[in-house]
Amino acid sequence: MGHLPLFSILSRALRRPSPLTDILPRLVVLALALACTGAARAQAPESERASLRFRYGLSSRQGEQVDVGPGLTYSGLTPNDVALTLMGWAGEYLGGQVDLQREAFELRDASSRVTGGSLVRGSLGPRGRLSLGPVRLELGAGYGFAQLPLFGGFTYAPVLQRGVRHAALISGRVLVALPAELQLEARGEVPLTISAHAADGLKASSSGYVVGAALSYPVVRRDGWTGRVLLDVQQAHDTMELEASGLRSEQRMRRIGLGFEVSLVGEGGTSRPVGPRQAFVALSVVDAETGAPLPGAHVRVPSLKTPGTSEELVADAQGQLRVLLPEGAQSTQASVDGYEDATEVATVSGGATEGAPVQLRLRKKAPKTGSLKVKVVQGKDSAPVADVQVVSGKAQLRTNKAGELLLEGLEPGPVAVSMSAPGFRATEEAAVVVAGQTSELVVVLSQDRKGELATLVGQVRSARNGQPLVATVTIPQAKVRTRTDKSGTFTARVRGGTYRITLSAAGHVTQTKMVTVREGEQAILNVDLFPRGR
């Protein structure tokens, strides 16, 4: 039996996907999408001084190495991805990383296991990081070592022969802090091959990439240390081609696993406060009476760049804006032309990434003056009276044909209005002027009937049972003495003035009343007399 050549490995990794291999790339794409959109939702991740990450998971490999003899395939899930990552930072921007990873797998012929083994990946090199609001970017360059699976030997007993790749690595990572203290990570790595060879020293060329994503959550914080659990997904694609024979080895591997990461935060050994120091708050500016949004409102909020100062922002077409505020009670103020300024307090709690929404309700400014609409009528049918002179302060106007006029530019508060017209008694009324509004005043004028007697009518009853009494009505000043009829009613004609009227009836206490009447008018006087006590 001859020695088996080195053949292509895992060449059909994506043509026969298992459920897991179909899901993992979608999770990676979802993580990248969230990394791009999550910047608008939370605040920057913690800047740790050092971190140690341990990860363990399951892997799904698919592919095959084809020979003139039977085909050898990779398939199914195998324990793998024991990984250890150590990262340290010398300052805010510069640091380094060391990464070690072991991959286990099985080689199968049909449904039978042929052989198994493990591969090792490793990398080290400097890194740089930059925080852009709620997003942190990291870029790295360094050395990478990778073992790639190759098989040789006899057809009945294939033997794992590990190919080796030395490369300069270019890597990147994006971290985004999400609400509820979740943290999203998206990462990628590309090797620039320096040298590659098979296990027996045959020279080869190699290429590949690694992409991944992780979602982590802090489970413990103690004395500046933070412990996070994470769900991690990753896809690796590697190729190796022998220069002498042109034979090609290819593998695609997708993996998912759980991990735990411990990181030291703070600088110079001093712990930094746990949780974010600021959070986003949704502000809305509305009309206090109608609730309608006020677009383009100017809103002043505390400045994050210069503590102790404020900055002015402009609301959108819906009167809304989303601002990043420091922890604590923060004053926000909104102003709109024609409205009074409004101030509300936004509260940002420690550890929160989203503060409670705040609504600023603005009231329209009240005008300094008001108006008064006056209408003058007469008689029972309220007929309008035209050409009535109306005086209020320095203003003198006359009513129109509808008996109306409008007094404008009046100071808010009570105002006296006097009216006079030929044939009518002059009168004065009081009204209240409200700033920015038009008040109304209706005045009824009485005709001037000088020399015409006034009429005094009334009824006298018993207070005991309400029955009418035959009583004597005496008005000494007018020299009037009359008696009521059977229904207890009486009528007297007098000149205008004030009179003392005496009413008496048998068996009842006499009463005296004071009555004022005007010429040409009628006054009504109803009296109940009390019976005399026995």
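Note that this is a predicted model, so its numbers are computed, not measured.

Engineer: Let's hear about the overall build of the chain: which residues, and what values?
Structural biologist: On a plain count of helices and strands, the chain comes out with one helix and 33 strands. Residues counted as buried form 43% of the 534 residues belonging to the chain. Summed over its atoms, the accessible surface of the chain is roughly 27700 Å², and 55% of this surface lies on carbon and sulfur atoms.

Engineer: Outline the sheet that holds strand 18 (residues 358-362), supporting the account with residue identities and numerical values.
Structural biologist: Read across the sheet, three strands follow the order 15-12-18 without closing on themselves; strand pairing throughout is mixed. The open sheet is flanked by strand 15 (320-326) and strand 18, the only strands paired with a single partner. Taking the axes of each pair of neighbouring strands and ignoring which way they run, one obtains an average angle of 30° across the sheet. Here seven bridges tie strand 12 (residues 278-287) to strand 15, and the two strands are oriented antiparallel to one another. Paired with Ser 284 across the two strands is Gln 320, which belongs to strand 15.

Engineer: Can you explain the pairing of strand 13 (residues 298-302)? Please cite residues and give values.
Structural biologist: Where strand 13 meets strand 14 (residues 310-314), five bridges bridge the pair, whose relative direction is antiparallel. In the strand pairing of strand 14, Val 299 is matched with Leu 313.

Engineer: Could you give an account of unusual backbone geometry, naming the residues involved and the relevant values?
Structural biologist: Here the phi dihedral of Ser 382 falls at roughly 50°; this positive angle occurs in a residue that is not glycine. A positive phi angle, close to 60°, is found at Asp 387, a residue other than glycine. By the secondary structure assignment, Asp 387 is in the loop between strand 20 (383-384) and strand 21 (389-392).

Engineer: Help me get a handle on the sheet that holds strand 31 (residues 497-504), residues and values and all.
Structural biologist: Pairing is antiparallel in the open sheet, where four strands are placed in the order 29-28-31-32. Since the sheet does not close on itself, it has two edges, and those belong to strand 29 (480-483) and strand 32 (511-517), each with one partner. The sheet shows a mean angle of 20° between the axes of neighbouring strands, direction not considered.

Engineer: Describe in detail empty space enclosed by the protein, supporting the description with residues and values.
Structural biologist: Going through the model one piece at a time under the given rule, you end up with five cavities of 30 Å³ or more. In this structure, the largest cavity encloses a volume near 620 Å³. Secondary structure elements with two or more residues in the lining of the largest cavity: strand 1 (48-65), strand 3 (77-89), strand 4 (94-109), strand 5 (112-132), strand 6 (135-154), strand 7 (157-177), strand 8 (183-197) and strand 9 (204-222). Its residues placed into classes, the lining of the largest cavity shows twelve nonpolar, 16 polar and eleven charged.

Engineer: Outline the confidence of the model for the chain, listing residues and values.
Structural biologist: Predicted confidence across the chain gives a mean pLDDT of 80, with 79% of residues reaching 70 or more. Ranking the elements of the chain by mean pLDDT puts helix 1 (residues 19-37) last, at 48, and strand 28 (residues 472-475) first, at 94. Considering only residues more than four positions removed or in separate chains, one finds that residues 38-42, a stretch of pLDDT under 50, has 20 contacts. Segment residues 66-70 is flagged for pLDDT under 50; beyond a separation of four residues in sequence, or across chains, it makes eight contacts in the model.

Engineer: Residues and numbers for the pairing of strand 12, please.
Structural biologist: Of all ten residues that make up strand 12, nine are buried, and the element is covered over most of its length. Pairing analysis gives five bridges linking strand 12 to strand 18, with the strands arranged parallel. Following the sheet pairing, Ser 284 is matched in strand 18 by Gln 359.

Engineer: Describe the side chain of Ser 263, with residues and values.
Structural biologist: Along the chain, Ser 263 falls in strand 11 (residues 248-265). Discounting residues that sit within four places of it in the chain, Ser 263 has contacts with Glu 48, Ala 50, Ser 51, Gly 224, Trp 225 and Thr 226.

Engineer: So what's going on with the packing of aromatic side chains? Residues and values would help.
Structural biologist: A full pass over the atoms with the stated rule returns zero aromatic pairs. Positioned above the aromatic ring of Trp 89, the side-chain terminus of Arg 129 is 4.1 Å from the ring centre. A cation sits over an aromatic face here: Arg 322 above Phe 280, 4.3 Å from the ring centre.

Engineer: How would you explain a nonpolar patch on the surface if you had to name every residue and give the values?
Structural biologist: Nonpolar side chains collect at one region of the surface, where Leu 52, Phe 54, Tyr 56, Leu 84, Leu 86, Val 98, Leu 100, Leu 124 and Tyr 143 lie side by side and expose about 820 Å² of accessible area between them. Looking at the nonpolar patch, the elements that each hand over two or more residues are strand 1, strand 3 and strand 4. Take the nonpolar patch: its biggest share by element is three residues, from strand 1. Assignment of secondary structure puts Tyr 56 in strand 1.

Engineer: Would you mind going over the environment of Met 240 in detail, with residue names and values included?
Structural biologist: Within the secondary structure, Met 240 sits in strand 10 (residues 225-242). Judged by its relative accessible area of 2%, Met 240 is buried.

Engineer: Describe the environment of Gln 97, and please don't skip the residues or the numbers.
Structural biologist: Relative to the helices and strands, Gln 97 resides in strand 4. Its relative accessible area of 17% is what places Gln 97 among the buried residues. When the C-alpha atoms of Gln 97 and Gly 125 are compared, they prove to be 5.7 Å apart, with 28 residues separating the residues in sequence. Look past the residues within four positions of Gln 97 in its chain and what remains in contact with it is Thr 85, Leu 86, Met 87, Ser 123, Leu 124, Gly 125 and Arg 127. There is a polar contact of 3.3 Å between the side chain of Gln 97 and the side chain of Arg 127.

Engineer: Requested: an account of the environment of Val 159, with residues and values cited.
Structural biologist: Secondary-structure assignment places Val 159 in strand 7. A relative accessible area of 44% places Val 159 in the partly exposed class. For the pair Val 159 and Gly 116, spaced 43 residues apart in sequence, the C-alpha separation works out to 9.0 Å.

Engineer: Report on the pattern of salt bridges, specifying residues and quantitative values.
Structural biologist: What the rule picks out here adds up to 14 salt bridges. Between Arg 173 and Glu 185 there is a salt bridge, and its shortest N-O distance comes to 3.2 Å. Of the two residues, Arg 173 sits in strand 7 while Glu 185 sits in strand 8, which places them twelve residues apart along the sequence. Glu 185 shares its class with Arg 173; the two are buried. Notably, a salt bridge pairs Asp 232 with Arg 187, separated by 2.9 Å at the nearest N-O pair. Taken as a pair, Asp 232 in strand 10 and Arg 187 in strand 8 lie far apart in primary sequence, 45 residues in all. Among the charged side chains, a salt-bridge network with shared partners connects Arg 53, Arg 127, Arg 136, Glu 138, Arg 173, Glu 185, Arg 187, Asp 232 and Glu 261.

Conventions we followed
- Residues numbered from 1 in each chain as written.
- Predicted model: local features only at pLDDT ≥ 70, side-chain atom pairs only at ≥ 80, totals over all residues.
- Heavy atoms only, no water.
- Helix = DSSP H or I, 4+ residues; strand = E, 2+ residues; numbered from the N terminus.
- Buried < 20%, exposed > 50% of the residue type's maximum accessible area, 1.4 Å probe, protein only.
- Areas by Shrake-Rupley, 256 points an atom, 1.4 Å probe, with all protein chains shown as cover.
- Pairing = 2+ DSSP bridges.
- Axes fitted to C-alpha atoms, helices over the stretch in contact; angles between N-to-C directions.
- 1 Å grid on protein atoms, 1.4 Å probe; cavity = no way out; pocket = protein on both sides within 12 Å on 5 of 7 lines; lining within 4 Å.
- Points joined across faces, edges and corners; volume = space filled by probe spheres on them.
- Nonpolar A, V, L, I, M, F, W, Y, C, P; charged D, E, K, R; others polar.
- pLDDT = per-residue confidence, 0-100.
- Contact = heavy atoms within 4.5 Å.
- Phe/Tyr/Trp six-rings, centres within 6.5 Å; stacked < 30°, edge-to-face > 60°.
- Lys NZ or Arg CZ within 6 Å of the ring centre and 35° of its normal.
- Patch = residues over 30% accessible without salt bridge, like charges linked within 9 Å, V, L, I, M, F, W, Y side chains within 5 Å.
- Salt bridge = Lys/Arg side-chain N within 4 Å of Asp/Glu carboxyl O.
- Polar contact = N/O pair within 3.5 Å; in protein donor to acceptor, adjacent residues only side chain to side chain.

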